[in-house]
Amino acid sequence: NLSNRAAVGLFLEESNKSSFISPQNFHFISRDHQFPPVNNYFYDSSEMKVSAAALTVFSTSLAYQGENLTQENQRKRLPWFRGQKPLALDVPSFIYTKTAKNARLIDAVKDLDYKPFPWVSSEPVVQMAIGLYVPSASDVKFHVEYVPLPDGGQLSLFWEEECYKKDDTKAILVISPGVTGGAEADYIRDLCKQAASKGYKPVVAHHRGVNCALTTPKMYHPGASEDFGSAVEYIHKKNPSTPLVGIGISMGGNIVLKYAGEHGTKSLLKAIAGISVPFNFRMCTERIQEMPYLNYLISYYVKKNIRENHLDFLRKFEEELGLDLQLALSTNISLEMENALSAKIYNVDDILQFYDEGSCYRTVDKIAIPTYCLHTLDDPICIKECIPYDKIKANPNIIMRNTMGGGHIDFYSGTFIPRRWWPVPALAFLDEAVEMIKEGQF
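Okay, so let's go over this structure. Small disclaimer: the values here were computed from a predicted structure and weren't measured. (Residues numbered from 1 in each chain as written. Predicted model: local features only at pLDDT ≥ 70, side-chain atom pairs only at ≥ 80, totals over all residues. Heavy atoms only, no water.)

1. Some remarks on the overall build of the protein
Inclusion rule: Helix numbering and strand numbering both begin at the N terminus, where a helix is a DSSP run of H or I of at least 4 residues and a strand a DSSP run of E of at least 2. Throughout this description, buried means an accessible area under 20% of the type-specific maximum (1.4 Å probe, protein chains only), exposed means over 50%, and partly exposed covers the range between. Throughout, a residue-residue contact means that at least one pair of heavy atoms, one from each residue, lies within 4.5 Å. Here, Shrake-Rupley sampling with a 1.4 Å probe gives the accessible areas, and only protein chains in the shown set may cover a residue.
Secondary structure summary: the protein contains 18 helices and 15 strands in total. Per-residue burial over the protein gives 58% buried out of 442 residues. Restricting to contacts in the protein with at least 6 residues of sequence separation, those with at least 24 account for 77%. In the structure as shown, the protein presents an accessible area of about 18600 Å², 50% of it carried by carbon and sulfur atoms.

2. Some remarks on helix α11 (residues 292–315)
Inclusion rule: One less than the number of residues in a helix, times 1.5 Å, gives the span that helix is expected to have. One axis is fitted to the seven residues ending at the residue and one to the seven starting there. The bend at that residue is the angle between these axes.
The first and last C-alpha atoms of α11 sit only 28 Å apart over 24 residues, clearly below the 34 Å expected at 1.5 Å per residue. Largest kink in α11: about 70°, centred on N309.

3. Some words on the packing of aromatic side chains
Note the cut-off: Planes of paired rings set the category: under 30 degrees apart is stacked, over 60 is edge-to-face and the rest tilted, where pairs are Phe, Tyr or Trp rings (Trp by its six-membered ring) whose centres lie within 6.5 Å.
Taken as a whole and assessed by the stated rule, the structure comprises 12 aromatic pairs. On the numbers, 5.8 Å between centres and 55° between planes, the contact of F142 with F158 is tilted. Here the residue F142 occupies a position in strand β6 (residues 142–148), and F158 occupies one in strand β7 (residues 154–160), the gap between them amounting to 16 residues. Judged by centre distance (6.3 Å) and plane angle (40°), the rings of F354 and Y355 are tilted. The buried category is assigned to F354, whose relative accessible area is 16%. Among the aromatic residues, those joined into a ring-pair cluster are F281, Y346, F354 and Y355.

4. Side note on the pattern of salt bridges
Our working definition: Salt bridge criterion: a side-chain nitrogen from Lys or Arg within 4 Å of a carboxyl oxygen from Asp or Glu.
Evaluated as defined, the whole model comprises 21 salt bridges. The salt bridge partner of D190 is R420, with a shortest N-O separation of 2.8 Å. A residue pair is termed long-range when its members are at least 10 positions apart, and D190 in helix α7 (residues 186–197) and R420 in strand β15 (residues 419–420) qualify at 230 residues. Classification of D190 by relative accessible area gives buried; the value is 12%. A relative accessible area of 11% places R420 in the buried class. Within the structure, one salt-bridge network assembled from shared partners comprises D151, R208, K218 and D227.

5. Focus on the pairing of β6
Put simply, the rule reads: Any two strands between which DSSP finds at least two bridges are classified as paired.
Two elements, β6 and β7, share seven bridges in a ladder whose sense is antiparallel. Following the sheet pairing, V147 is matched in β7 by L155.

6. Examining the sheet that holds strand β5 (residues 94–95)
Either a parallel or an antiparallel arrangement is found when strands of a sheet pair, and the pairing is made through backbone hydrogen bonds. The following threshold applies: Only the contacting stretch of a helix is used when fitting its axis, a line to C-alpha atoms as for every element, and angles between N-to-C directions run 0 to 180 degrees.
The strand order across the open sheet formed by nine strands is β5-β13-β12-β11-β10-β8-β9-β7-β6, and the pairing between neighbours is mixed. Each edge of the open sheet is held by one strand with a lone partner, namely β5 and β6. For β5 and strand β13 (residues 398–403), the ladder comprises two bridges, and the chain directions are antiparallel. Directly across from I95, in β13, lies its bridge partner M400. Sheet strands touched by helix α4 (residues 100–109): β5, β12 (371–376) and β13. Its angle to β13, the strand with the most contacts, is close to 30°.

7. Re the packing of α4 against helix α18 (residues 423–438)
Each packed pair of helices is defined by two parameters, the angle between the axes and the distance between the axes. How we decide: Each crossing gets its hand from how the near helix is turned against the far one by less than a right angle, where anticlockwise is left-handed and clockwise is right-handed.
Axis separation between α4 and α18 bottoms out at 8 Å; the angle between their running directions is 140°. The two elements α4 and α18 cross, and the hand of that crossing is right-handed. Between α4, through K101, R104, L105, A108 and V109, and α18, the contact on the second element is made entirely by P425, A428, F429, E432, A433, E435 and M436.

8. So, the pairing of strand β10 (residues 244–249)
Our working definition: By convention, a crossover is right-handed whenever its connection, traced from the first strand over the helix to the second and viewed with the strands pointing away, goes clockwise.
Burial analysis of β10 places six of its six residues in the buried class, which makes it a mostly covered element. Every second residue of β10 is oriented toward a common face, with L244, G246 and G248 on one face and V245, I247 and I249 on the other, all of them buried. Judged from the five bridges that link them, strand β8 (residues 171–176) and β10 form a sheet pairing that is parallel. Counterpart to S176 in the pairing with β10 is G248. Pairing analysis gives four bridges linking β10 to strand β11 (residues 272–275), with the strands arranged parallel. Bridge pairing links G248 to G274 in β11. Taken together, β10, helix α9 (residues 251–263) and β11 form a β-α-β motif whose crossover is right-handed.

9. With respect to the nonpolar core
Quick note on the threshold: Side-chain atoms within 4.5 Å are what join buried Ala, Val, Leu, Ile, Met, Phe, Trp, Tyr and Cys residues into a set we call a nonpolar core.
One finds L157, F228, L257, L269 and F279 to be the most contacted residues of the largest nonpolar core, which totals 73 residues. Leave out the neighbours within four places in its chain, and F279 touches N254, L257, S359, C360, Y361, V364, C373, C386, I387, P388, I392 and M400. Among the nonpolar cores identified, the runner-up in size contains 42 residues, and A183, L374, I399 and F429 belong to it.

10. Focus: the side chain of R208
Applicable threshold: Think of a polar contact as two N or O atoms within 3.5 Å of one another; within protein, one of them needs to be a possible hydrogen donor and the other a possible acceptor, and neighboring residues in sequence only count if both atoms come from side chains.
In this fold, R208 is placed in the loop between β9 (200–205) and α8 (225–238). Here D227 takes part through its side chain, which lies 2.9 Å from a polar atom of the side chain of R208. With residues near it in sequence (within four places) discarded, R208 still touches L149, D151, G153, Q154, L214, T216, K218, M219, Y220 and D227.

11. Quick notes on unusual backbone geometry
Of note, the phi angle at N211 is positive, near 55°, even though the residue is not glycine. Its location among the elements puts N211 in the loop between β9 and α8. Classification of N211 as partly exposed rests on a relative accessible area of 31%. Even without being a glycine, S250 presents a positive backbone phi close to 55°. What makes S250 buried here is its relative accessible area of 10%.

Okay, structure coming up:
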């Protein structure tokens, strides 16, 4: 039985109030199964196989719980459970410039409607919780390469192993993950599997320090398009006759779009897609500070990566760079951690200004390749206020799709088993773009 107060470390926020249950003190119990504290299974969904029925009960109890929710706000935020019609979409479903090329690209995706998984709440935090249940593409294996960076650093490329062995491929799909993801993440494995089935050769371009040892004290940051550019150039040199396309998810979307804007017509990627893109990373970071669950999630992942892989190396630079590793590894506030590490490593006084300068909203108007952006208006992180709608509409190379629900990089669909929907339109868009590239239209 699931407690009505079961929040699994999730947050509820209404009227500037929040309730948060410490994951260290909470156990998730479902009939015959008792799972360990949340912090032990945040990143290993194999430890948590919950039945669809149990998850339904959980999401329903989450939807109804919380003294801070007024009846009016409950109706607004939980229309599915209240029997209310969903809120009206207050921005167009598609934002783009009408051109002959865009008409063809729109035709490839316009009928691919997002139909939310019907058995759970449409609340974005519940969408995120479903990720603990959704079966992963665990059979995906990778071939690993390491890319040297100009400053002495390195990053890793994880190629889908079966596709890596093949010479005949539609295009190479370069994937840039989010802040808490790599090739081990379920959503990355799912994308690789779907892309491979459609004839792509997927490769995960990891951020500096993710699935790769540090060789300089520099760790990744949300505007690190120069590192991504080095990976793309390396891949292109090894495969000069194969088209390169890209998908960036969350923070990776910011990096991919920023790269495309900085390189314009010289971009080595010929078409891209961005999923739940934080166009203004400063604004999104400030938003995260208001949400204890996401603050904990992000700081947990980064701290886990440092403790397990980089702590001894970073200690060598603690005095030289003024790193505060003790604070960074003890805080559950992501901004405090970034001020203790990234601000020192990159020698900046204002980490939020650093994030602003690394945001892709500054360069989207210069993107010169076919670009598809997928966003949901209930995204708890990449809020619609951070999206440069005017620049997007003015750029004839960008098509933006807005949905009413879907959470952050979730978009779960299906009838009985939830599946991530977002790879379907993203790959359909890239399919059409690749065909048009081969026809010489781009």
